[in-house]
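Fold and contact review
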Amino acid sequence: MNKILRYWQLAQDMLSGDQNADRVVPPSGYTASLTTFVSFAMAFLTVFALALFLATGRLADRWSTELAGTSTVRISAPDGQMDAQAKTVLGILETTPGIASARLMSEDEQRRLLTPWFGVDLPMDNLPIPSLIEITEEGVGPDVNGLRLRLQAEAPGAILDDHTRWRRPMVKAAQRLRLLGALSIGLIVGSTIAMITLAAQAALSANGQVISVLRLIGARDNYIAKAFVRRFTIRAFLGGLIGSLLAMLFIYFLPAVAEEGAFLTGLGFQGVQWLLPLFIPLVAATIAFVSTRFAANSKLQRTA
Amino acid sequence: MIELKRAGFSYGGGAILADVDLHLTKGSFHFLTGPSGSGKSTLMKLCYQALFPSAGTIKVFGKDVRAMTHDDIAIIRRRIGVVHQDCQFLDHLSLAENVLMPSQVSGRDLNDDLQNMNQLLNWVGLTKQINALPPQLSGGERQRAALARALILSPDVILADEPTGNVDWEMGQKLLSLLIELNKMGKTILIATHDMNLIRVAKPQVAARVLRIQDKRIVSGGADL
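Owing to the predicted nature of the structure, the values given are computational and were not obtained by experimental measurement.

From N to C terminus, chain B includes seven helices and 11 strands. Its C-alpha atoms give chain B a radius of gyration of 17 Å, within 12% of the compact-globule value 17 Å for 225 residues. Referenced to the eigenvectors of the C-alpha coordinate spread, the extents of chain B come out at roughly 45 × 40 × 30 Å. Going through the 225 residues of chain B one by one, you find that 52% of them count as buried. Expressed as a percentage of contacts within chain B between residues at least 6 apart in sequence, the contacts between residues at least 24 apart total 68%. Total accessible area on chain B stands at roughly 9,700 Å², and carbon and sulfur atoms take up 48% of it.

Written out as structure tokens, the structure is:
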């Protein structure tokens, strides 16, 4: 706790306004624009990476929960046996523990499922389309292996699909995307630290004469570092704020796509998540504060 | 005030100064002379901790410089006014701001030192240039501005490294008069110069001692002018 308080006091001391001290370092120089631009660009990218991270998280959760409590039985049998096998399967399902309900899907429902792929004029009568039974599970669900064996014995054309075969890779893909989002945020933070440290070092080197004069007249290291740290922190905060706001605006106005494009429409923030990007300028300022202080201390320690 | 005992300084394996003994007492006036490259500037830098001795000991205001932290050195430098041959300023700040800078960095109330600054600039004859930027000043004006800056905190010791190196003879004499005047006010003065004429001019005005560096050592320490 004391350590936190000490850092807080240090930060307050470093950032406290002193108009005269601020003027010690010449205001111009490419490092000024570079720091602001780096912070702006990184904040902009971070907002998108954060949106990707959150969206893929939601997607993985949705795919996982929506498909977890359901399964399907597909019956492929000669025309004369289709109804009989469907009846048998429904009978088996009714007596199987872990199944809340089972229902044979109508031709209309099947047509609707196939419409996105084959269009509205699908001639269902001429196609060997299997019958589908939708199962809603309850509790921990049925004993899948036992049910498969029973179906195989009593209705040879019935195949139980508990969705795990394609649900797992989809959830895995969404989780990988989420990891990618987190990795991107990590890389952006790392790059920001590196670039701001380099910019600070360049500024310190470019202002060697300023440091030399300040040293000569009795300035403490803390005073010299403060002049640089405060300036870089403010620049990083402003750059980060503009970058974050602009990226939020872009995301807010992302074109609304139809339900089929659910993934794209999901890229963004929901509810209180919109507050998260507002922390990015603070993170950028903290990075600049720590990086510049580190660079300044290293430089000042090396010079007499 | 400043005491060197068998102090030496080496750089890149070669000795620049060796076995230097020097004692600057309160209110003393010393000239440090010797040919170019003899180590005058190095000795001055050792006195204000821009360099640290490779051998021997240096005590400033009673403290061993080896035991000093960066902050200690900063505090010590507020008691030592330094004037260089090629004096450096913060070129983006006005003369007034530069002269007041030592007050600012030491956390003093600038309003208290404003009057001091005006008096100092009047004393060194730079009242008209108060708002000028350092690059707009002539060599002599820069030397006098550096002197004003060195004096704003009323230091105990003034170290002047070739203070007349970049100015004409008349201006050199004026700067010397200012330093002599300061010595009469009780300040300890050490002037490094290779200009023997300057030392001769000072002879009737001040009881100064001349130190000569030769072969990395002070060979005529204590010789009266």
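Time to look at the sheet that holds strand β5 (residues 63-64) of chain B. All names here are of chain B. Read from one edge of the open sheet, four strands run β2-β1-β4-β5, paired in antiparallel fashion. Only two strands of the sheet have a single neighbouring strand rather than two, namely β2 (14-24) and β5. Taken together, the seven bridges between strand β1 (residues 2-11) and β2 define a ladder with antiparallel strand orientation. Residue Ala-7 lies in a different strand from β2, and its bridge partner there is Val-20. Contacts from helix α1 (residues 40-47) reach β1, β2 and β4 (55-60) within the one sheet, and its direction differs from that of β2 by about 55°.

Take the side chain of Thr-193 of chain B next. All names here are of chain B. By the secondary structure assignment, Thr-193 is in the loop between β8 (188-192) and α7 (196-202). On the accessibility criterion, Thr-193 (0% relative accessible area) is buried. Discounting chain neighbours no more than four positions away, the residues touching Thr-193 are Phe-31, Leu-32, Thr-33, Gly-34, Lys-40, Glu-162, Leu-198 and Ile-199.

Our focus in this paragraph is the domain arrangement of chain A. Taken as a whole, chain A is organised into domain 1 (14-64 + 168-302) and domain 2 (77-156). Using C-alpha coordinates to define each centre, domain 1 of chain A is positioned 54 Å away from domain 2 of chain A.

Bringing the sheet that holds strand β2 (residues 99-104) of chain A into the picture now. All names here are of chain A. Taken together, the four strands give an open sheet; going across it, the order is β2-β3-β1-β4, and neighbouring strands pair in antiparallel fashion. Two strands bound the open sheet, and with one partner strand each, they are β2 and β4 (158-161). Averaged over neighbouring strand pairs, the angle between their axes works out to 20° when direction is ignored. Taken together, the six bridges between strand β1 (residues 70-75) and strand β3 (residues 131-137) define a ladder with antiparallel strand orientation. Counted as the bridge partner of Thr-72 is Glu-134 from β3. Relative to the sheet, helix α6 (residues 144-154) contacts β1, β2 and β4, its axis offset from that of β4 by approximately 165°.

This part takes up the interface of chain B and chain A. Contact residues are listed per partner, giving 24 residues for chain B and 24 residues for chain A. Note on chain B versus chain A: buried area summed over both sides is about 2,100 Å², and carbon and sulfur give 56% of it. Our count for the contact surface shared by chain B and chain A stands at eight residue pairs in polar contact (both at pLDDT 80 or more). Those elements giving two or more residues to the side of chain B that touches chain A turn out to be α2 (70-77) and α3 (95-105) of chain B. The residue makeup of the side of chain B that touches chain A, split by class, is 12 nonpolar, six polar and six charged.

Turning our attention to the UniProt feature "transmembrane region" (unreviewed entry) in chain A. Residues and elements named next belong to chain A. Feature annotation in UniProt assigns "transmembrane region" (unreviewed entry) to the following positions: residues 34-55, 177-196, 202-220, 232-254 and 274-296. What you have in residues 232-254 is 91% helix and 0% strand, and the ends, taken at the C-alpha atoms, are 33 Å apart. Strand forms 0% of residues 274-296 and helix 74%; the C-alpha atoms that close the span are 35 Å apart.

Residue and element names in this part refer to chain A. Tallied over the entire structure, the rule returns eight aromatic pairs over all chains. With a centroid separation of 5.6 Å and an interplanar angle of 80°, the aromatic rings of Phe-44 and Phe-250 are classed as edge-to-face. Here Phe-44 is found in helix α3 (residues 30-68), whereas its partner Phe-250 is found in helix α9 (residues 221-252), with 206 residues between them in sequence. The class for Phe-250 is partly exposed, based on a relative accessible area of 48%.

Attention shifts here to the pairing of strand β6 (residues 80-83) of chain B. Residues and elements named next belong to chain B. Neither face of β6 is left uncovered, since the one carrying Ile-80 and Val-82 and the one carrying Gly-81 and Val-83 both have all their residues buried. For β6 and strand β7 (residues 157-161), the ladder comprises four bridges, and the chain directions are parallel. Directly across from Gly-81, in β7, lies its bridge partner Ile-158.

All names here are of chain A. Relative to the assigned elements, Ile-251 resides in helix α9. By relative accessible area, which is 5% here, Ile-251 ends up buried. Taking the C-alpha atoms as reference points, Ile-251 and Leu-267, separated by 16 residues in sequence, lie 7.8 Å from one another. For Ile-251, the residues in contact, after removing those within four places along its chain, are Val-47, Phe-48, Ala-51, Leu-267, Gly-268, Phe-269 and Trp-274.

Procedures and definitions
- Residues numbered from 1 in each chain as written.
- Chains lettered and ligands numbered in written order.
- Predicted model: local features only at pLDDT ≥ 70, side-chain atom pairs only at ≥ 80, totals over all residues.
- Heavy atoms only, no water.
- Helix = DSSP H or I, 4+ residues; strand = E, 2+ residues; numbered from the N terminus.
- Rg over C-alpha atoms; globule rule 2.2 N^0.38 Å.
- Buried < 20%, exposed > 50% of the residue type's maximum accessible area, 1.4 Å probe, protein only.
- Contact = heavy atoms within 4.5 Å.
- Areas by Shrake-Rupley, 256 points an atom, 1.4 Å probe, with all protein chains shown as cover.
- Pairing = 2+ DSSP bridges.
- Axes fitted to C-alpha atoms, helices over the stretch in contact; angles between N-to-C directions.
- Domains from an automatic or database assignment.
- Buried area = accessible area lost by both parts, 1.4 Å probe.
- Polar contact = N/O pair within 3.5 Å; in protein donor to acceptor, adjacent residues only side chain to side chain.
- Nonpolar A, V, L, I, M, F, W, Y, C, P; charged D, E, K, R; others polar.
- UniProt positions renumbered as here; feature names shortened; annotations may be inferred.
- Phe/Tyr/Trp six-rings, centres within 6.5 Å; stacked < 30°, edge-to-face > 60°.

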